[in-house]
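What follows is the residue order along each chain.
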Amino acid sequence: MRYAETGFQLEVDLSRGNIERVETDPRLTELHLGGLGTNARILWERMPPENDPLSPESVLIFSAGLLGGTPATGANRTIVSAVSPQTRLMAYSMMGGFFAPELKYAGYDKIVFRGRAPELVYLLIHNDRIEIRDARHLAGKGAIETAESIKSELKDPNLQVAAIGLAGENRVYFASIEHARSSASRGGLGAVMGSKNLKAIAVRGTRDLPVARPAEFMELCREVLRYIQWRRDNPVKGVPAILAGIGSPQEMAIHDEEWHTTNFAWGNARHRRKDFWTRENEERWRRSQEQAIERLISCYNCPLKCGAIVRFPALGISKYMMKCYSKLTYVMGAMVDDLDFGFRIAGRAQEYGVDAYTTPQVMAFAMELLEAGILTPADVEGMPENHEEKFFWLLDRIARREGIGEVLADGVYWAARRIGRGAEAFDHNTIKKHEQIPIKLGMLNPIYFIMYATGEKINITQIEGQMPQMPFETREEREEFVRDWIQVPHERFKEYFLNWEPRGERAFPHYPPPEVTCELVEWQEMMHYLDDALGICAGLSSFPIKPPYHIHNLPPLVSAATGIDYDEETLWRAANRNRTLVRAVNNRLGLRRRDEKPPEDHWKKRFPELEARLLETYYRYKGWNAEGVPTRETLERLELGDVAEELIRRKVLREEAPAAVEA
Amino acid sequence: MKAETPKKKKVVKTIRIDVDKCNGCRACEMACSTFHARPRYASNNPARSRVRVLFDPLRDLYVPVYAGDYAPAECCGRDRYTIEGKQYDECGFCRASCPSRDLFKEPDSKLPLKCDMCQDDPQLQEPMCVQWCITDALTYEEREEEVEEEPAPAQELEVGLEALADRFGMDQLLEAVTRMSAAKKP
């Protein structure tokens, strides 16, 4: 008997129209938990680097996490994995909503797609009934429109649908997969889905999902819920309002955007506007937001209201669901001071199904090329005069891959190289070919340096968490902060924070020292890897400060749910195993030390020697060699011996490789 | 002096449903189904829940509805309500487990489900769905009322049998019971 997971996955070959229900190996659950971990295992086994990400040979996986669909609050994430057409590395993206629990109730932990359907199709799952259905009538339809059409044609409002829009069909390298108020946006998974001629997946399940030790598990879940309630009413002191709560940043509930608008860069990650948040702008933005937002909404089994229903009848926008930061990305990318613009354009972008981080930056990049004369008016023939309308026009071109949109649809990195004529210099905010959050700061932050450089998600918002981003001014404030900091893995982490000062010797860039920085990075990383394997929302765990889930309560929760006994050490090890396996997947796809660079202008004050030492210390700490590849010993210690063999066979790793870099 | 009709004190249990506060997370469905699982909390399955959130985000409809009595036939008419500009199907407020829809039925047997306010032993302070709704869309209150004695309500077994009789006919049901009891005899 399997608990918390169903023990089955669906294997769908879209070329042949073949569907199989396959029992999975419980040993893999023990080693990798589920979700991202077991996805990485499948990619390792079935996605050699010879396979093009957009070819029929590529693999696309939709997975629930190990705790997905159980009573654990917020265990609702769907982890979507494939090789990204943009980065050519593993696309590491997830979405909330209702899809993963429904898949579990239907009796499956994962759906693994391969092949390419001869015509556009969608997959329907209703418990044992599984059909590949014609979707030609849905071609070109918006992602939300598609979900609504499928629900109404099958007369089942309880179906949970994940769909792509036009951008995915056209294989835009930053196309998203949209579901309810959520989306798997990063890395172009929508393009992979489009390349398989798969428009949507609709799932409905009515089966029981058992847990191993019910009474014990429920009591642990209840404690988590109680903490959420307490934490909701007791925001963290000493940090900006937007960081004080739990959940995603509460941008649908809070109109105070001083922190984002004055700290993040506008345009093509270019301009800091420290004086933006005037009383007048604040008042205007408050009005826009109140007018646009109809109701705050949640994902499955979670009381936090990180999303919203947006309606804007005055502007002729049909309703859609929004979350988090997409409210600001278009506004700031387009340098438009009016928040209404953000609500208007995000609605259209969501129907097309594009990533709300990358898309505005690609458009801002195009605007800079126009100003610089690298793109000429002939390249953008037909572009309207009105500033705001220009962005709608560019968005349309990108989603349709028309004209200049054909090039821009590959994202900043590839577009810059295709355009040439100096366009590469305007690609100043990507890491590993992927657009980063638009933020440009002063002093090098060693913790963020390592996370930016080495994070396998390749975008910082999904790596950070736990530690406040800035030191607190006084020792008293720090002491107050650590008093109820139960989440730290060890008491010494409190000392690290207490000793961290805004100025002087114990300040950035030399504090925290490299070894301590590695410990802090690993803590943040491991929490993310746990969430992504368990299917818990980062907003309740790895992302905010003082979250409800942490390394002390997760082991008993996972053990009671699954019947597999973990303690802190073995659970941490499983997370580390997953982190190492994802690294190996990427190493085999070509990732090396040369790629691990935050953008040149990310910080004004850079310290090349210190940075090299940080990177080397981290590699050594993780048991990787000087190229950032896990050593044979490390892989064997984590029971990934077969991975070592393959890396050696492919000459990614040398047989007699020197151990990690010597100090 | 006039003789008084016999009266007894009855506790009226009310779940107050504030649809404006509902965030559509369906924790109530999870909590209900896991509480009523046997053994308790052994599994969860919203399809077995005795409370369902009928919701349609794009039309801003969020209505938690509780399973009420079993109805053997569907209604003749299905009316539509417009409330503050939003259209609601009458069924959207209806508690019945009836043939017109897939709601409030055990997914395997199709036997009707009914909310029992988690009346269990030991008594919960509040029904599970209310405990797990920390957005306060569901709140609980009790008050005492004096009511006339009434006949004992039909028991679970009878409600189930009645539903089976409606579905398969009394003859078939009796035949099946006879066959099963014969098969069980040593």
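Everything numeric in this text was worked out from a predicted model, so none of it was measured.

Novice: How should I be thinking about the overall build of chain A in this particular structure?
Specialist: Tallying secondary structure elements over chain A gives 25 helices and 22 strands in all. In terms of overall dimensions, chain A is globule-like: its C-alpha atoms have a radius of gyration of 24 Å, near the 26 Å expected for 663 residues. The principal-axis extents of the C-alpha atoms in chain A amount to approximately 60 × 60 × 55 Å. Evaluated residue by residue, chain A yields a buried proportion of 67% over its 663 residues. Within chain A, counting contacts between residues at least 6 apart in sequence, those at least 24 apart form 69% of the total. Working note: accessible area of chain A is about 22700 Å², and carbon and sulfur atoms make up 49% of it. One way to put it: in chain A the 87 positive side-chain charges average out to a point 1 Å from where the 96 negative ones average out.

Novice: It is not clear to me how the domain arrangement of chain B should be interpreted in this structure. Could you clarify?
Specialist: A common measure of how large an interface is: the accessible area buried when the components associate. Residues and elements named next belong to chain B. Each assigned domain of chain B is listed with its residue range as follows: domain 1 (7-150) and domain 2 (153-186). A straight line from the C-alpha centre of domain 1 to that of domain 2 covers 27 Å. Contact with domain 1, which involves six residues of that partner, is made by seven residues of domain 2. Summed over both partners, the interface of domain 1 with domain 2 comes to about 470 Å²; 69% of that surface belongs to carbon and sulfur atoms. Here domain 1 and domain 2 share zero salt bridges between them. Among the residues forming the side of domain 1 that touches domain 2, the class breakdown is four nonpolar, one polar and one charged.

Novice: How do you make sense of the environment of isoleucine 17 of chain B when you look at a structure like this?
Specialist: Locating isoleucine 17 of chain B in the fold gives a position in strand S1 (residues 7-17). By relative accessible area, isoleucine 17 of chain B is classed as partly exposed at 36%.

Novice: Looking at this structure, how should I read the pattern of salt bridges?
Specialist: All names here are of chain A. For the coordinates displayed, the defined rule picks out 85 salt bridges over all chains. One salt bridge in this structure joins glutamate 525 and arginine 579, with 3.1 Å as the shortest N-O distance. With glutamate 525 in helix H20 (residues 514-534) and arginine 579 in helix H22 (residues 568-588), the pair connects residues that are 54 residues apart, well separated along the chain. For glutamate 525, a relative accessible area of 3% corresponds to the buried category.

Novice: What should I look at first to understand empty space enclosed by the protein in this one?
Specialist: Which parts of space are left empty comes out when a probe the size of a water molecule is rolled across the atoms. All names here are of chain A. Applying the stated criterion to the full structure yields 10 cavities of 30 Å³ or more. Of the voids in this model, the largest cavity is the one considered here, and its volume is about 160 Å³. What lines the largest cavity is a set of 17 residues, and nearest its centre among them are Leu243, Gln469, Phe543, Pro544 and Ile545. Looking at the lining of the largest cavity residue by residue, the classes come out as nine nonpolar, seven polar and one charged. Two domains each put at least three residues into the lining of the largest cavity: domain 2 (232-429) and domain 3 (441-649).

Novice: Please explain the state of the cysteines as it appears in this structure.
Specialist: All chains considered together, the criterion is met by zero disulfides over all chains. Left unpaired, cysteine 302 of chain A is separated from the closest cysteine sulfur, that of cysteine 306 of chain A, by 6.1 Å.

Novice: How should the interface of chain A and chain B be read in this particular structure?
Specialist: Opposite the 41 residues of chain A that make contact, chain B presents 35 residues. Both faces considered, chain A and chain B share a buried interface measuring about 3100 Å² in area, 53% of it formed by carbon and sulfur atoms. Per-residue buried area on chain A facing chain B is highest for Met218, Arg222 and Arg295 of chain A; these three make up 21% of the total on that side. Between aspartate 208 of chain A and arginine 48 of chain B there is a salt bridge, with its nearest N and O atoms 2.7 Å apart. At the surface where chain A touches chain B, the tally comes to 18 residue pairs in polar contact (both at pLDDT 80 or more). Secondary structure elements with two or more residues in the side of chain A that touches chain B: helix H3 (99-106), helix H4 (143-153), strand S13 (209-210), helix H7 (214-233), strand S16 (293-297) and strand S18 (317-323) of chain A. The biggest single contributor to the side of chain A that touches chain B is H7 of chain A, with nine residues.

Novice: Help me understand the environment of phenylalanine 98 of chain A in this model?
Specialist: Along the polypeptide, phenylalanine 98 of chain A turns up in the loop between strand S5 (90-95) and H3. In contact with phenylalanine 98 of chain A, other than residues within four places in its own chain, are Gln160, His179, Ala180, Ser298, Cys299 and Tyr300 of chain A together with Gly24, Cys25, Arg26 and Phe55 of chain B.

Novice: Hey, could you run me through the side chain of glutamine 466 of chain A in this one?
Specialist: All names here are of chain A. Mapping glutamine 466 onto the fold places it in the loop between helix H17 (446-454) and helix H18 (475-483). Among the polar contacts made by the side chain of glutamine 466, one reaches the main-chain carbonyl oxygen of serine 541 at a distance of 3.2 Å. If we ignore the near neighbours within four places in the chain, the residues touching glutamine 466 are Trp485, Gln487, Trp523, Gln524, Met527, Ser541, Ser542, Phe543, Pro544, Ile545 and Pro547.

Novice: Would you mind going over the domain arrangement of chain A with me for this structure?
Specialist: Residues and elements named next belong to chain A. When cut into domains, chain A gives domain 1 (8-204), domain 2 (232-429) and domain 3 (441-649). Centre-to-centre separation of domain 2 and domain 3, based on C-alpha positions: 29 Å. With 17 residues of domain 2 at the contact, the number on the domain 3 side is 16 residues. Contact between domain 2 and domain 3 buries roughly 1100 Å² in total, counting both sides, with carbon and sulfur atoms accounting for 66%. It is Val236, Ile246 and His428 that lose the most area in domain 2 upon contact with domain 3, and together they represent 32% of the buried surface on that side. Counting across the interface, domain 2 meets domain 3 through two residue pairs in polar contact (both at pLDDT 80 or more). Among the residues forming the side of domain 2 that touches domain 3, the class breakdown is nine nonpolar, six polar and two charged.

Novice: How should I be thinking about a positive patch on the surface in this particular structure?
Specialist: Judged by side-chain charge, Arg272, Lys274, Lys604 and Lys605 of chain A come together as a positively charged surface patch. With respect to the helices, strands and loops of the structure, lysine 604 of chain A is situated in strand S22 (residues 603-605).

Novice: Would you explain unusual backbone geometry in this entry?
Specialist: A negative phi angle is the norm for most residues apart from glycine, just as the trans form is the norm for most peptide bonds. The peptide bond linking phenylalanine 508 of chain A to proline 509 of chain A adopts the cis configuration, its omega dihedral lying at 0°. Relative to the helices and strands, proline 509 of chain A is located in the loop between helix H19 (492-498) and H20. Cis rather than trans, the peptide bond between arginine 38 of chain B and proline 39 of chain B has omega equal to -10°. Within the secondary structure layout, proline 39 of chain B lies in the loop between helix H1 (27-35) and strand S2 (43-44). Positioned with a positive phi, asparagine 127 of chain A is a non-glycine residue whose angle comes to about 50°. Structurally, asparagine 127 of chain A can be placed in the loop between strand S7 (121-126) and strand S8 (129-134). A positive phi angle, close to 70°, is found at arginine 26 of chain B, a residue other than glycine. Looking at where arginine 26 of chain B falls in the secondary structure, it is placed in the loop between S1 and H1.

Novice: Help me understand the packing of aromatic side chains in this model?
Specialist: Two measures describe an aromatic ring pair: the distance that separates the ring centres and the angle between the ring planes. All names here are of chain A. Enumeration over the complete set of coordinates arrives at 36 aromatic pairs over all chains. On the numbers, 5.6 Å between centres and 40° between planes, the contact of tyrosine 325 with tyrosine 357 is tilted. Remark: tyrosine 357 occurs in the loop between helix H12 (339-352) and helix H13 (358-371) and tyrosine 325 occurs in the loop between S18 and helix H11 (326-334); sequence separation between them is 32 residues. Pair check on accessibility: tyrosine 325 and tyrosine 357 agree, each one buried. Taking the ring centre of tyrosine 173 as reference, the NZ or CZ of arginine 401 above it sits at 5.6 Å. Sitting above the plane of the phenylalanine 481 ring, lysine 546 keeps its charged end 4.0 Å from the centroid.

Novice: In this structure, what is going on with the pairing of strand S12 (residues 198-204) of chain A? I would like to understand it.
Specialist: Residues and elements named next belong to chain A. When you tally the buried positions in S12, you get seven out of seven residues, the bulk of the element. Of the pairings in the sheet, the one linking S7 to S12 comprises six bridges and is parallel in character. Across the sheet, the residue bridging to valine 121 is leucine 198, located in S12. With four bridges connecting them, strand S9 (residues 160-163) and S12 associate as antiparallel partners. Bridge pairing links valine 161 to alanine 202 in S12.

About the thresholds
- Residues numbered from 1 in each chain as written.
- Chains lettered and ligands numbered in written order.
- Predicted model: local features only at pLDDT ≥ 70, side-chain atom pairs only at ≥ 80, totals over all residues.
- Heavy atoms only, no water.
- Helix = DSSP H or I, 4+ residues; strand = E, 2+ residues; numbered from the N terminus.
- Rg over C-alpha atoms; globule rule 2.2 N^0.38 Å.
- Buried < 20%, exposed > 50% of the residue type's maximum accessible area, 1.4 Å probe, protein only.
- Contact = heavy atoms within 4.5 Å.
- Areas by Shrake-Rupley, 256 points an atom, 1.4 Å probe, with all protein chains shown as cover.
- Lys, Arg positive; Asp, Glu negative; His and termini not counted.
- Charge placed at Lys NZ, Arg CZ, Asp CG, Glu CD.
- Domains from an automatic or database assignment.
- Buried area = accessible area lost by both parts, 1.4 Å probe.
- Salt bridge = Lys/Arg side-chain N within 4 Å of Asp/Glu carboxyl O.
- Nonpolar A, V, L, I, M, F, W, Y, C, P; charged D, E, K, R; others polar.
- 1 Å grid on protein atoms, 1.4 Å probe; cavity = no way out; pocket = protein on both sides within 12 Å on 5 of 7 lines; lining within 4 Å.
- Points joined across faces, edges and corners; volume = space filled by probe spheres on them.
- Disulfide = S-S within 2.5 Å.
- Polar contact = N/O pair within 3.5 Å; in protein donor to acceptor, adjacent residues only side chain to side chain.
- Patch = residues over 30% accessible without salt bridge, like charges linked within 9 Å, V, L, I, M, F, W, Y side chains within 5 Å.
- Phe/Tyr/Trp six-rings, centres within 6.5 Å; stacked < 30°, edge-to-face > 60°.
- Lys NZ or Arg CZ within 6 Å of the ring centre and 35° of its normal.
- Pairing = 2+ DSSP bridges.

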